[in-house]
Amino acid sequence: MLGRVNHVAIAVPDLEAAAASYRATLGCQISEPQSLPEHGVTVVFVELPNTKIELLHPLGENSPIAAFLEKNPSGGMHHICYEVGDIIVARDRLKEAGARVLGDGAPKIGAHGKPVLFLHPKDFQGTLIELEQV
Ligand code: CO
């Protein structure tokens, strides 16, 4: 069901500092910050040869990563995103297997303009999983 790792997301308390750290210290190519009000986050993508790193910062009042940063004030790994061919087929198969899909179960449009879904971390070894249709 799973394809490539699309990205690994890291929640950060200071997006500018995190972007500078990846650009200047680690020598990576990074994107401009992108605000995603529907997801309550601002993101910067770090481009790597084999995948991307998504730096996540809360946007707005009800950001889903605000609580995460309260628990992890210096930031930390937030989720891993796997590619799938058909997100509806993947969702239905996972639900049948007893996995919990977050929200109302309908895919939202993610940072790359493609449909995404999130799976409950308690069903997957304590790791929040994002599926992205490619
Ligand atoms: Co993501």
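Because the structure is a prediction, the values reported are computed rather than measured. (Residues numbered from 1 in each chain as written. Predicted model: local features only at pLDDT ≥ 70, side-chain atom pairs only at ≥ 80, totals over all residues. Heavy atoms only, no water.)

1. So, the overall build of the chain
The cut-off we apply is this: Comment: elements are numbered from the N terminus, with helices defined as DSSP H or I runs of at least four residues and strands as E runs of at least two. Between the two quantities, the radius of gyration covers C-alpha atoms and the globule rule is 2.2 Å times the number of residues to the power 0.38. Partly exposed residues are those whose accessible area sits between 20% and 50% of the maximum for their type, while under 20% is buried and over 50% is exposed, using a 1.4 Å probe and protein chains only. Two residues form a contact once any of their heavy atoms are found within 4.5 Å. The Shrake-Rupley method, run with a 1.4 Å probe sphere, supplies the accessible areas, and residue values consider only the shown protein chains as cover.
Scanning the chain from terminus to terminus reveals three helices and nine strands. Across the chain, helices and strands are ordered from the amino to the carboxyl terminus as β-α-β-β-β-β-α-β-α-β-β-β. Taking 2.2 N^0.38 as the reference for a compact globule, 134 residues should give roughly 14 Å; the C-alpha atoms of the chain span a radius of gyration of 15 Å, in line with that estimate. Within the chain, buried positions represent 42% of all 134 residues. In the chain, the proportion of contacts linking residues at least 24 apart, taken out of those at least 6 apart, comes to 54%. Here the chain has roughly 7500 Å² of accessible surface; of this, 53% comes from carbon and sulfur atoms.

2. Comments concerning the nonpolar core
Definition in use: Among the buried residues, those of types Ala, Val, Leu, Ile, Met, Phe, Trp, Tyr and Cys that are joined through side-chain atoms within 4.5 Å form a nonpolar core.
Counting 24 residues, the largest nonpolar core has Leu 55, Leu 119, Ile 129 and Leu 131 as the members making the most contacts within it. Taken together, the elements giving at least two residues each to this core come down to helix 1 (15–25), strand 4 (41–47), strand 5 (52–58), strand 6 (76–84), helix 3 (87–96), strand 8 (115–119) and strand 9 (128–133). Counting residues per element, this core draws most heavily on helix 1, which supplies four residues. Among the nonpolar cores identified, the runner-up in size contains eight residues, and Ala 9, Leu 36, Val 41 and Val 43 belong to it.

3. Concerning the state of the cysteines
Test applied: Any two cysteine sulfur atoms lying within 2.5 Å of each other are counted as a disulfide.
What the rule picks out here adds up to zero disulfides. Cys 28 takes part in no disulfide bond, and the closest cysteine sulfur to it belongs to Cys 81, at a distance of 19 Å. Residue Cys 28 is classed as buried on the basis of its relative accessible area, which comes to 15%. Given the relative accessible area of 0%, Cys 81 is considered buried.

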